[in-house]
Structure formats: C-alpha cells, structure tokens
Amino acid sequence: MNELAPGSSSGAMNGTWRERLWRTSARCGLGAAGLAVLTAVLDRLHFRSALLYLIVVVFVSLTGDFVASVVVSIGALLCLSYFLSPPGSLLGLGQPLNLVALLGFLTTASVVTSLMSRRRASFQEIKGLRDHLTLVIDTIPALTAVTLPSGSVEVVNRRWLEYTGIRLEDARGSGWTLSLHPDDRERFASKGNAARQAREPFELELRLRRADGAYRWFLMRVAPQRDEQGEVVRWYGVSTDIEDRKLAEALLAGEKRLLEMMARGDALALILDALCRLVEEQSGDVLCSVLMLDPDGIHLRHGAAPSLPRSYTEAVDGLPIGPGAGSCGTAAYRAERVVVSDIATDPLWADYRELALAHSLRACWSTPMLSSDGRVVGTFAMYYREPRLPRAHEHDIIERITPMAAVAVERAHAEEALRQAQAELARVTRVTTVGELAASIAHEVNQPLAAIVADASACLQWLAADRPDLDSVREALGAVVKDGERAAEVVGRIRALLSRTAVAREPCDLAGIVHEVLSLVGPELRRQGIALQTVLTPELPLVIGDRIQLQQVLLNLLVNAAEAMRETQPERRRVVVRSSVEYRDDEVWAVLAVQDAGVGFSELEESRLFEAFYTTKPNGLGMGLSISRSIVERHDGRLWGTANPDHGATFHVALPGMR
C-alpha cells in the first residue's frame, strides 16, 4: 500500500498538468481566433488600431493564464505588424512602433494576469474561509440560526435541519417556529418582541420538536449584531440541549418532595404513589408499579401503581416470587434487575402472558428494592405498551428512584416495628401503674363484694323467718346486682387498661374519660390525703382517638402528681383537674390540665421532662411522660408542662376537636 502512494500522486500530478495544458491551448485558440477576426475586419475597413489588439490581449489576460496571454500578445504583434511593418520584416521588430506595441502587450498581459491571479487567490481564500466557517458552524454541538431584524430566519445550520427534520426552504421566514412546542410559542414571541425593542440579547428555555416528533428542552441564547450606527442588522441564536439537565432538576425536586413526605411521616401508600407519578412525568409512555415483599418472604403485595389498570394490579397482588414469575417475581427471586423487552415472547412471562397482553402491556423492566442490609423488600417496575429496551436516561432514573423506594419501604417497616415496641412498652407501663394502685383497686373491688356478702346474708336471714320479708329480700337482691355490676365495671376497666388490643380510633368524650380514671385512682389519692378537685367545662368537644390510650395519659399524670406531693405538707396536698376549650387557627381544641402542689421542677429539668428513661423518682423507669407525649402526638395533639408560680407543676394535654 505504501508503494502505490507515489504512483498515485504522480498520476494525479500528470492529470493536473494535462488539464492546465488543455485550458491554455483552448485560451490560445480562442485568442488567435479573436485576433484573426479582428484583423480581417480591420483589413476590410482599412483601419489601423493597436488599442483594439490590446483589448484582446486584456481579455485573455483576465483568465489569469500568463502563458496564453504571452502567446496572444505575440500573435497580436504579428497581426499588427501586418499593417505597420514592411514586407519581409521578422515580427516587425526593426520598427520602433512594433517594439513599443510588443512591450505594451507583454506588460499589460503581465500586469492583468498578476492582478487576476491575486484576485483569484483571494477569492479562493475567502471561499475556503467561508467553507471552513460553514463546517465549524455545522459541527458546533448546538442548533444555530441567523435571523433578520424582523425575526424571520435567514440561515440555520445542518444540525438544526437534521434535528428538526425541516427543510431549509421551509425554515426560512417564520416557518421554523413549527419546531417550537405549542405551549412555548407565545412565551418566545413575547420575549423576542421585548428583546427587539430593547435591542438587547436574551435567553429562554423552551422545547423543540425532534424529527421523530419527540420534544426536548433547549436553552436558546440570542444576541444582536449591530452596525456602526448601533442598529441591529442580524440576530444570532444558539440553542443547547438541556433535556438531561431538566430531567436531573425534575428528579432532584421530586426526590426533595419525597424526602419531605418521609420526614412528615406520610403514609407509605402516598409516598410510593408520588414516587411512581414522578417517574411517569419524566417519561410520558411509562406505567410504574411498586410491589412489596410480604413478611412471609414468598409473595409480593401491591404497593402503588397509579396508572396501571386496577384489574391488573388486583390480579398480581399476592404474586409468588420464583425463577419464572414474570419480571417482578423473578427480580425479587434473583435479587437482580430483570429486563423483558417483549412480554409476548419472553419465557419468564409464560404463566402471566395472557394477563399482561389482555391489558396491552408489552414490556416490563423490574428492579429489586434492597434494604440497607441487602435484603429484598420489594420491586420497582416500569411497564410499556410496546416492545422496547431501556435507554440511557431511563437507566439513570431507575438507579436513582429504586433506592429511594427501598428507603421508604424500609422506613415504614421500621416505624411499624417501633409502633409495636412502643405499644408493648406502653402496656408494660400501664401494668406497672396498675400495680402501684393495687391497694386502691382491691379496696374498690372489696367494697361492692363486702356489700354483696352483707346483702346476701340479710336475704338468708329474711328468708329463714316464719314469714319471709319478700320486699326486703327483693330490695337486697337488687343491691346485690348493683354491687356486682359495680365490681364488674372495676374489673372490666382494669382488663381493658391491661389488654394488648389494637389501637381503635373513635369519638371520645374527655369528660367521661376523666370520670373513669378518677373513679380508679381517686380512692388511692384520698388514702394519701390528697384532695381531688375537678373543674370541667360542660361544652368540651369530642376528640378522635383511642380511649384506652387517652386514659393511660391521664392516669400517668395523676400518679405523677400524687408522687410529687409525698413530701408536701398534708394541708397543701391537692390535685386539680381542669378542662377548657381553646380556638387555634380556626380549629376547636379540647384542653385538659392536671395541677399539683408538689416539688415542681427546675428550668434545667424542664428541658428533659419528656426524655425517655429520665426520671427523678428513686424507683422510676422514666418512661411515663415519654410514652404519654408519644400517645398525644399520635393523636395530633400536644403535651407540655409548666411550673406553677407558688408550688408544684401543671401538665397540659391539648387535642383537636372533632369537626
């Protein structure tokens, strides 16, 4: 191959010389013909003029061919000497006029040829620069255009034509605006008119239609070209593709919204639904789905699928995982991404193909959601209605969204485990509190039982008489029934308080809760010499919550109040339970306050009152107030404590009223 190169170059050079020789011969022939015609005409007219021959020489010299111009100059001299020289004189050079004419012809040929060569070289250089500039503009990784002051397009580069698929003839004038997204045309026109009036550059983000009909985001920057008087003669615009940047910004904003939802503690279903919608917004033809792994570890449960048909999501709810369980079941089984480009032919969908095709689903890519310790907690799937493979930006979306979905699911599982632990700890606290009230409870139960025994003994005596006093027996039996119901109520309240039942939210009467708790703890308070006072408003609104949990909060506050007054002088031992109604942000709130005259707390202790395991009691767990606050906050309420001006403290419970 290296040996053939010189030969090829030599052949090309020979061809160039042959072309030049042919062009020079042709010019010489044309010049000779012109001279012959001119000589014949002048001979017929008997007219003698060296200037006419000089014109022929100039015309040939204008071609820039010096050889042809010299040959024609000599020919012109021969023709001219025909008139000016005596016969037999060689070229007539013996005559001064002929010599002057020859010098004039040659000088003119040389000057004109030189000027034309330079001009031609200049033209070629300009053409080369223009071609290079055109190549540079066409190669710029952006869409460029030149518009007139009126706004009509004059020139666009090749990339613009290739991207839009619009011909240059159709793009000129205002035809290029057909590539703008309909929603962006008015905005661009307004921005462009303002810029033309101000004669200042501007930039704008807008969408341009691709040749295949898809729209992508571009950043368009437009700057004016001004003349010496400062008037705009052209506008130059460059449009840069920012689709990837816009996608990244949208995903970042969506991720921020999802993180805010997680921080607020929104329901998992809402978070997963928002996550699916975020992905669907970035790719209009995708249908997203989230399936969560059941605690049994072998089934997938519906998590979110806002755009999939409901009949399909219901059919796949409970899908068992396995090596051939569609895209999602297989991805959960393998713990790796599964891409099915055509459901109609892929063997993984053999058992579910009819179901998918019946709902016009043709492609499905599923990615397992992994917890922080690598366990599969679910799958994130993207469905399409035509066979296809993922593109680069879709891979990026999957890589960013799937971990966030896994975090949301894992967080929900952790919160559920925490709620269960808190519920169990709260039950333990209730057991402990009831244990402390054992003497009071025994007294409450013993009273009706003693009354039952006394009434029953009286009945036996009356029945043993010769003439039984049936009215007294009837009255005593009624008292027995009443005391039995009273004892049953006490036992029932204790069992409910100690039960491990699920949280049941229902309308609750706080006044009724106060009376129920006071009937349980009141005897113990009185036994300790504590005066109990209630100041309850008759128009306290109902609240939505769990009755048992709210009883526990009030019970904890009353027991804490009693313990805080153990060292208080007997005459000052008093607990006041107040209720009131407050209005906050156009909402009605029910407020309970438990006030004691105990030791109170300092400013340093106030900041730690509700910390878990912080206590000032010698034998306390430090969980009562912490659990009480968590219960109140789960009821969308607030629990706080304030030190009294004289002695003791007051704890307030505020709950939103039922609308």
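Our subject is the structure that appears above.
Sequence positions are assigned chain by chain, starting from 1 and proceeding in written order. pLDDT decides what is reported in this predicted model: residues at 70 or higher carry local features, side-chain atom pairs at 80 or more are listed and counted, and totals for whole chains, interfaces and linings draw on all residues regardless. The basis for every side-chain value is the complete set of heavy atoms in the structure, and neither hydrogens nor water enter the calculation.

A. Representation of the overall build of the chain within the structure. Looking only at helices and strands, the chain features 19 helices and 18 strands. Within the chain, buried positions represent 40% of all 659 residues. When contacts within the chain are restricted to residue pairs at least 6 apart in sequence, those whose partners lie at least 24 apart make up 58%. All accessibility values rest on the Shrake-Rupley procedure with a 1.4 Å probe; residue burial counts only the protein chains present in the view. Carbon together with sulfur atoms contributes 57% to the accessible area of the chain, which is approximately 36,600 Å² in total. Under the scheme used here, helices are H or I runs from DSSP no shorter than 4 residues and strands are E runs no shorter than 2 residues, and both carry numbers assigned from the N terminus. The classification of residues rests on relative accessible area computed with a 1.4 Å probe and restricted to protein chains. Under 20% of the type maximum is buried, over 50% is exposed, and intermediate values are partly exposed. What makes two residues a contact is simply this: any of their non-hydrogen atoms within 4.5 Å.

B. Geometry of the nonpolar core. Among the nonpolar cores identified, the biggest contains 37 residues, and L510, V521, L557, L558, V575 and V653 are the most heavily contacted of them. The element that contributes the greatest number of residues to this core is helix α17 (residues 547-564), accounting for 9 residues. Those residues within four positions of L557 in sequence are excluded, and the remaining contacts are V594, L625, L639, F651 and V653. Of all hydrophobic cores here, the second largest spans 33 residues; its members include M262, C276, M292 and W365. Think of a nonpolar core as a cluster: buried Ala, Val, Leu, Ile, Met, Phe, Trp, Tyr and Cys residues, connected wherever their side-chain atoms sit within 4.5 Å.

C. Representation of the packing of aromatic side chains in the model. Two aromatic rings, drawn from Phe, Tyr or Trp (for Trp, its six-membered ring), form a pair once their centres lie within 6.5 Å of each other, and the interplanar angle then sorts them: stacked below 30 degrees, edge-to-face above 60, tilted otherwise. Tallying each qualifying case throughout the model produces 5 aromatic pairs. Ring geometry for W176 and F188: centres 5.3 Å apart, planes at 85 degrees, overall edge-to-face. Taken together, the positions of W176 in the loop between α6 (168-171) and α7 (182-198) and F188 in helix α7 put the pair 12 residues apart, joining distant regions of the chain. Per residue, the accessibility class of W176 equals that of F188, and both read buried. Geometrically, the ring pair formed by W365 and Y384 is tilted, given 4.6 Å between the ring centres and 35 degrees between the ring planes. Here the residue W365 occupies a position in strand β10 (residues 363-370), and Y384 occupies one in strand β11 (residues 376-384), the gap between them amounting to 19 residues. For the pair formed by W365 and Y384, the shared burial category is buried. In this structure an aromatic cluster arises from ring pairing among W176, F188 and F202. Here R584 stacks its cationic end above the ring of W589, 5.2 Å away from the centre of that ring. The ring of W640 carries the charged tip of R638 above its face, separated from the ring centre by 4.3 Å. Working rule: Lys NZ or Arg CZ, within 6 Å of ring centre, within 35 degrees of ring normal, means a charge sits over the ring.

D. A look at the side chain of T313. As for its placement among the helices and strands, T313 is situated in helix α10 (residues 310-316). Of the residues examined, T313 reaches a relative accessible area of 10% and is grouped as buried. Among all residues touching T313, those that are not within four sequence positions of it are H302, A305 and L308.

E. Geometry of the pattern of salt bridges. The term salt bridge refers to a side-chain nitrogen of Lys or Arg lying within 4 Å of a carboxyl oxygen of Asp or Glu. Scanning the model with the defined rule gives 26 salt bridges in all. The partner of D241 in a salt bridge is R216, and the shortest N-O contact between them spans 2.8 Å. Placement of the pair is D241 in strand β5 (residues 232-241) and R216 in strand β4 (residues 215-226), with a sequence separation of 25 residues. A relative accessible area of 35% places D241 in the partly exposed class. Two residues, R362 and D342, come together in a salt bridge whose shortest N-O distance is 3.0 Å. Linking R362 in the loop between α12 (353-358) and β10 with D342 in the loop between β9 (338-340) and α12, this pair joins segments that are 20 residues apart in sequence. Connected via shared salt-bridge partners are E205, R245, K246 and E249.

F. Molecular detail of a nonpolar patch on the surface. Each patch is built from residues lacking any salt bridge and having more than 30% relative accessible area; the joining distance is 9 Å for like charges and 5 Å for nonpolar side chains (Val, Leu, Ile, Met, Phe, Trp, Tyr). A contiguous nonpolar surface patch, about 280 Å² in accessible area, is contributed by V37, V41 and L45. Along the polypeptide, V41 turns up in helix α1 (residues 4-45).

G. Seen up close, the sheet that holds strand β2 (residues 153-156). Whether two strands pair depends on DSSP finding at least two bridges between them. Strand order across the open sheet formed by 5 strands is β2-β1-β5-β4-β3, with antiparallel pairing between neighbours. Either end of the sheet is taken by a strand with one partner, and the two such strands are β2 and β3 (202-209). The sheet shows a mean angle of 30 degrees between the axes of neighbouring strands, direction not considered. In this structure, strand β1 (residues 143-147) lies alongside β5, joined through 5 bridges in antiparallel fashion. Pairing of L143 across the sheet is with S239, part of β5. Contacts from α7 reach β3, β4 and β5 within the one sheet, and its direction differs from that of β3 by about 155 degrees. Each axis is a line fitted through C-alpha atoms, and for a helix only the stretch in contact is used; angles between axes span 0 to 180 degrees, taken between their N-to-C directions.

H. Structural detail: the sheet that holds strand β7 (residues 299-304). Spatially, β8-β7-β6-β11-β10-β9 is the arrangement adopted by the 6 strands of the open sheet, whose pairing is antiparallel. Each having just a single partner strand, β8 (319-320) and β9 make up the two edges of the open sheet. Alignment of β9 against β10, held across 3 bridges, turns out to be antiparallel. Bridge pairing in β10 links V339 to W365. Along the sheet face, helix α9 (residues 268-282) touches β6 (287-293), β7 and β11 and points at about 145 degrees away from the line of β6.

I. Inspection of the pairing of β3 at higher detail. Judged from the 8 bridges that link them, β3 and β4 form a sheet pairing that is antiparallel. Residue L206 lies in a different strand from β4, and its bridge partner there is F218. In this antiparallel pair of consecutive strands, β3 and β4, the connection spans 5 residues, and G213 shows a positive phi of 95 degrees.

So, to be careful, I would describe these as geometric facts and stop short of saying anything about function.
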